[in-house]
Amino acid sequence: EPVRPPSPPERPMLPDRVLRGWARPYVAADPATALGFEVGLDDVIGDALALDVVMRGELAVGDVGLDAGLVFTDVRLSGTSEAAAAAIGDLWLGARWRLAWPALALAPYVAATLPAGPGHEARLTTLEPGLAATIRLGPARFDLRTAAAVRLGDVAQRVGFDGLVALAYGPFAASWRARLDDGLASTIGLGFSIAFDQVRVGLGVGYVPGDSTWSGRLA
């Protein structure tokens, strides 16, 4: 009998509103080899609608994880005369190293967001050193991620902070994400994911308390 390939990594959908300037794929403590695709629809300002798209790939080499993603942010669908094609994505690259114990995994990581394509000339390169942690208690899982976000390329370089706290139980997850950079922004999220053989599908909703906007995400 052929050896069955491993099931998809346990990665419940953790919906984050993709705010301009700090969109990035979700970083977990455990490296995985997988391909991912996320689509988000946001109510950004008034009646304006924006589409966010994240395409990512992960490669696990032992306890080392290599990540790459292409992030399209704020593709306006309504409320603006801008052409959607003008919102070309940013390239996201990262690497992490897992330190594992029976119920705990820690992963120091470094990531960079690189502006790409026309329409993003004003965007800055962002360098992120951070730490991801996962605690497992039976069917429950607690994820924590914290990172400094160093914006490079202008005269007045800035340092922000990005954090994520998530609790997952089976296919369900709740998350809180915060970003401190020119002010504090946070997102509360609820979601679930279901595995079909080697494919995992997730659905989630996020709420931004600061400006009372909602987002829906499919991954």
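Residues numbered from 1 in each chain as written. Predicted model: local features only at pLDDT ≥ 70, side-chain atom pairs only at ≥ 80, totals over all residues. Heavy atoms only, no water.

**Concerning the overall build of the chain**
Link 1 in the chain: When helices and strands are counted, the chain shows zero helices and 13 strands.
Link 2 in the chain: Starting at the N terminus and ending at the C terminus, the chain contains elements arranged as β-β-β-β-β-β-β-β-β-β-β-β-β.
Link 3 in the chain: Within the chain, buried positions represent 43% of all 219 residues.
Link 4 in the chain: Long-range contacts, defined here as pairs at least 24 residues apart, represent 47% of the contacts in the chain between residues at least 6 apart.
Link 5 in the chain: Carbon and sulfur atoms provide 69% of the accessible area of the chain, an area that totals close to 11200 Å². (Helix = DSSP H or I, 4+ residues; strand = E, 2+ residues; numbered from the N terminus. Buried < 20%, exposed > 50% of the residue type's maximum accessible area, 1.4 Å probe, protein only. Contact = heavy atoms within 4.5 Å. Areas by Shrake-Rupley, 256 points an atom, 1.4 Å probe, with all protein chains shown as cover.)

**Brief notes about the nonpolar core**
Most often, soluble globular proteins keep nonpolar side chains buried together rather than apart.
Link 1 in the chain: Membership of the largest hydrophobic core is limited to nine residues, which are Val27, Ala29, Trp92, Ala105, Ala107, Tyr109, Ala111, Ala132 and Ala147.
Link 2 in the chain: The greatest single-element share of this core, amounting to four residues, is contributed by strand S6 (residues 104-114).
Link 3 in the chain: The contacts of alanine 107, once residues within four sequence positions are left out, are Ala29, Arg96, Trp97, Arg98, Gly130, Leu131 and Ala132. (Core = buried A, V, L, I, M, F, W, Y, C linked by side-chain atoms within 4.5 Å.)

**Re the pattern of salt bridges**
It is possible for side chains of opposite charge to pair when their charged atoms get near one another.
Link 1 in the chain: Taken as a whole and assessed by the stated rule, the structure comprises 10 salt bridges.
Link 2 in the chain: Residues arginine 98 and aspartate 63 are paired through a salt bridge, measuring 2.7 Å at the closest nitrogen-oxygen approach. On the criterion of sequence distance, the pair formed by arginine 98 in the loop between strand S4 (90-97) and strand S5 (99-100) and aspartate 63 in the loop between strand S2 (49-61) and strand S3 (64-76) is long-range, its members being 35 residues apart.
Link 3 in the chain: Look at arginine 98 and you get partly exposed, because its relative accessible area is 21%.
Link 4 in the chain: Its salt-bridge partner being aspartate 162, residue arginine 177 comes within 3.4 Å of it at the nearest N-O pair. Pair noted here: arginine 177 is in strand S10 (residues 172-180) and aspartate 162 is in strand S9 (residues 158-169), with a separation of 15 residues, a long-range link. Pair check on accessibility: arginine 177 and aspartate 162 agree, each one buried.
Link 5 in the chain: Among the ionic contacts, a cluster of salt bridges with common partners joins Glu38, Arg56, Glu58, Asp67 and Arg96. (Salt bridge = Lys/Arg side-chain N within 4 Å of Asp/Glu carboxyl O.)

**Quick notes on the side chain of arginine 96**
Link 1 in the chain: With respect to the helices and strands, arginine 96 occurs in strand S4.
Link 2 in the chain: By relative accessible area, which is 4% here, arginine 96 ends up buried.
Link 3 in the chain: A distance of 2.9 Å separates a polar atom in the side chain of arginine 96 from a polar atom in the side chain of glutamate 58.
Link 4 in the chain: Separated by 2.6 Å, the side chains of arginine 96 and aspartate 67 make a polar contact. (Polar contact = N/O pair within 3.5 Å; in protein donor to acceptor, adjacent residues only side chain to side chain.)

**Here we look at the packing of aromatic side chains**
Link 1 in the chain: A complete count under the given rule lists one aromatic pair for this structure.
Link 2 in the chain: Relative to phenylalanine 192, the ring of phenylalanine 172 has its centre 6.3 Å away and its plane inclined at 45 degrees; by these criteria the two rings are tilted. Of this pair, phenylalanine 172 sits in strand S10 while phenylalanine 192 sits in strand S11 (residues 184-196), placing them 20 residues apart in sequence.
Link 3 in the chain: Phenylalanine 172 gets classed as exposed once you look at its relative accessible area, which sits at 51%. (Phe/Tyr/Trp six-rings, centres within 6.5 Å; stacked < 30°, edge-to-face > 60°.)

**Some thoughts on a nonpolar patch on the surface**
Link 1 in the chain: Taken together, Ile135, Leu137, Phe142, Leu144, Val165, Leu167, Trp176 and Ile188 make up a surface patch of nonpolar side chains, about 700 Å² in accessible area.
Link 2 in the chain: When residues of the nonpolar patch are traced back to their parent elements, those giving at least two are strand S7 (125-137), strand S8 (140-152) and S9.
Link 3 in the chain: By the secondary structure assignment, phenylalanine 142 is in strand S8. (Patch = residues over 30% accessible without salt bridge, like charges linked within 9 Å, V, L, I, M, F, W, Y side chains within 5 Å.)

**Quick word on the side chain of arginine 56**
Link 1 in the chain: Considering the arrangement of structural elements, one finds arginine 56 in strand S2.
Link 2 in the chain: Given the relative accessible area of 15%, arginine 56 is considered buried.

**Re the environment of glycine 216**
Link 1 in the chain: Its location among the elements puts glycine 216 in strand S13 (residues 213-218).
Link 2 in the chain: When the C-alpha atoms of glycine 216 and glycine 206 are compared, they prove to be 6.3 Å apart, with 10 residues separating the residues in sequence.
Link 3 in the chain: For glycine 216, the residues in contact, after removing those within four places along its chain, are Val39, Gly40, Leu41, Gly204 and Val205.

**So, the confidence of the model for the chain**
Link 1 in the chain: Of the residues in the chain, 75% have a pLDDT of 70 or more, and the chain-wide mean is 78.
Link 2 in the chain: For the stretch residues 18-22, pLDDT sits under 50, and the model shows 14 contacts to residues farther than four places along the chain or on other chains. (pLDDT = per-residue confidence, 0-100.)

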